[in-house]
Structure formats: structure tokens, C-alpha cells
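Next come the chains, spelled out residue by residue.
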Amino acid sequence: MKEVEDYLFPKMGLSHREKSLYYHLLLHTRFASKDSDLFALPQLSSALGIAERSIREGLRILHDKGCIRIEEMSRRGHLVHAFLPAEIVGLVPGLETTPPIDLESNNLYPEPPSPEPPRLAPPSPEPPIWGVVGKIKKAIHRHSEQPNSEQINLGAFFTREAGHCFYCLKKLPQGSYDSNGDTVNQVVACEECNAQKQRTSSEDHLRQLYRKGFLSATELEERLQALGQLHTAKGRS
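Fair warning: this is a prediction, and the values are worked out from it, not measured in the lab.

Re the sheet that holds strand 2 (residues 68-74)
Part 1 of the argument: A sheet is described by the order of its strands in space; here three strands give the open sequence 1-3-2, paired in antiparallel fashion. Edge strands, defined here as strands with exactly one partner in the open sheet, are strand 1 (37-39) and strand 2. For this sheet, the mean inter-axis angle between neighbouring strands, taken without regard to orientation, is 30°.

Set out below in C-alpha cells:
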């Protein structure tokens, strides 16, 4: 407990909600002599007095910061392995985690280095025409770096969704989202949802997230209603 309070919480910058969640996971896994355990979101919400949406977001934050490892997600819950502070590399001073030696990849009899290839003469100065082409390319590159209307609109969509992925409700850092234009109005989406949704409709993708346990039944209904409102707003424009 001392290492948790002295090193893990301060260095990881966990909120009070995330601290309570980490202690609960640690108590029911490592302190119960278990390597991992299955946690259902409703039970976690009831035990900690925290909304299911906040529980789901807290699990992702703890996973991203290396405090836990989410080994599997399903409608039954999240299979979680909680790390002790001493198991997190570089967290506790004086404790160095030495990686095991891989005898298969460790070459005990290295081959002699190959001879260096012959050095080529420096290239001759490029003709004037290529210098003109280079300037044109630089001008095009500068133009492409200027913000366009789509980038500005994405900022407005980010604000509209309160900084969350439209589909899985994952909290998104500013600038870490992608655009998704399959719906009638564009929405902001996390990289995972944007990649997984390429071959399906928005409605089907939301239902897949529900089946996989990323969304509760209430959240699925809210997302479908929000999607319907986007279609209605587009029809009026």
C-alpha cells in the first residue's frame, strides 16, 4: 500500500475515481491470490458508486497508463490483470526489472561484418529545371499544411461531442481524433472505431460495440437517437 500511495498515484496522476477503481481491482485480484479476474460493469458501478460510463472510461485510463492490463472484453465484463507498483518498470526507485535473456535471438557466434560498399561520387548539380520543380513542390506542401474548412469543422464536432468518440464514448485528447463522414453529418471518432467502421454502417457499428460490451443498453439507445437526430438535421438543411 505504501508504494501505491508514494509512487503509483503521484507519478500516474490518477483521479480519486481512478484511485478507488485501482484499489478495488487490486483487492480482488492480487490481494486475493488471483492473477486476473472478470469484472462486470454493473457490479463495479454498484460497489464503487460510480456510473458505468465513468467505470468504463476509468478502466481504459488505467490500462493506457500501465496500471492494469485489460486481457479480454465481452458482454460478461472485463478480464483484468492489476499490476503491483513494483511490477511497473521505472516506477519504484531502486527496483530495476531485468528482461529475461532470449537465447534464441541472442547470437553467441556473430558473423563477421560485411565489407563496406564502395563510396560513390557525389551527385552532380541538378539542372535548373529540377530546381524549379523543387520550388513548386515546396509551395504545394506549404499550401497543404494550411488549415482547411474540414479541420476547422472537426474542432466544432469535437466540442459538440464533449470531447468523446461519437461511437464508443471514449474520452479523446484534443487533436487525437479522426473524421468519419459515413453519417449524413460528420462526427469525430477514435482511431479504433474509425478503422473498424470502414465496411459497415453507423447503426451496425454501434450494435457491434454493444455486443462486445463497449456500450450499455442505455448508451446504445442514446447513440442511436443521436444518430437519428443527425439524419433529421441533415434532412432539414
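Section: the pairing of strand 3 (residues 77-82)
Part 1 of the argument: In terms of burial, strand 3 is a largely internal element, five of the six residues being buried.
Part 2 of the argument: Turn length for the strand 2-strand 3 hairpin, with the two strands adjacent in sequence and antiparallel, is two residues.

Remarks on a nonpolar patch on the surface
Part 1 of the argument: Together, M1, L27 and F31 make up a nonpolar patch on the protein surface, roughly 320 Å² of accessible area in all.
Part 2 of the argument: Looking at the secondary structure, you find M1 in the segment before helix 1 (2-12).
Part 3 of the argument: According to the relative accessible area criterion, M1 is exposed, its value standing at 55%.

What about the nonpolar core?
Part 1 of the argument: Ranked by internal contacts, the top residues of the largest apolar core, which has 24 residues, are L8, Y22, L25, L59, L62, C67 and I68.
Part 2 of the argument: Those elements that provide at least two residues to this core are helix 1, helix 2 (16-27), helix 3 (41-48), helix 4 (52-64), strand 2 and strand 3.
Part 3 of the argument: Excluding anything up to four places from it in sequence, I68 contacts Y22, L25, L59, L62, H63, V80, H81, A82 and F83.
Part 4 of the argument: One finds V187, V188, A189 and L209 within the second-largest nonpolar core, a separate group that totals 21 residues.

Examining a positive patch on the surface
Part 1 of the argument: Taken together, the side chains of R75, R207, R211 and K212 make up a positively charged region of the molecular surface.
Part 2 of the argument: Secondary-structure assignment places R75 in the loop between strand 2 and strand 3.
Part 3 of the argument: R75 gets classed as exposed once you look at its relative accessible area, which sits at 56%.

Brief notes about the environment of M12
Part 1 of the argument: Mapped onto the secondary structure, M12 falls in helix 1.
Part 2 of the argument: Between the alpha carbons of M12 and C67 there is a distance of 8.4 Å; along the sequence they are 55 residues apart.

Here we look at the packing of aromatic side chains
Part 1 of the argument: The tally for this structure, following the rule as stated, stands at four aromatic pairs.
Part 2 of the argument: On the basis of an interplanar angle of 45° and a centroid distance of 6.5 Å, the ring pair of Y22 and Y23 is categorised as tilted.
Part 3 of the argument: Across the ring face of F166, the terminal group of R223 is positioned such that the distance to the ring centre comes to 4.9 Å.

Thresholds applied
- Residues numbered from 1 in each chain as written.
- Predicted model: local features only at pLDDT ≥ 70, side-chain atom pairs only at ≥ 80, totals over all residues.
- Heavy atoms only, no water.
- Pairing = 2+ DSSP bridges.
- Helix = DSSP H or I, 4+ residues; strand = E, 2+ residues; numbered from the N terminus.
- Axes fitted to C-alpha atoms, helices over the stretch in contact; angles between N-to-C directions.
- Buried < 20%, exposed > 50% of the residue type's maximum accessible area, 1.4 Å probe, protein only.
- Patch = residues over 30% accessible without salt bridge, like charges linked within 9 Å, V, L, I, M, F, W, Y side chains within 5 Å.
- Areas by Shrake-Rupley, 256 points an atom, 1.4 Å probe, with all protein chains shown as cover.
- Salt bridge = Lys/Arg side-chain N within 4 Å of Asp/Glu carboxyl O.
- Core = buried A, V, L, I, M, F, W, Y, C linked by side-chain atoms within 4.5 Å.
- Contact = heavy atoms within 4.5 Å.
- Lys, Arg positive; Asp, Glu negative; His and termini not counted.
- Charge placed at Lys NZ, Arg CZ, Asp CG, Glu CD.
- Phe/Tyr/Trp six-rings, centres within 6.5 Å; stacked < 30°, edge-to-face > 60°.
- Lys NZ or Arg CZ within 6 Å of the ring centre and 35° of its normal.

All quantities given are derived from atomic positions and should not be read as evidence of function.
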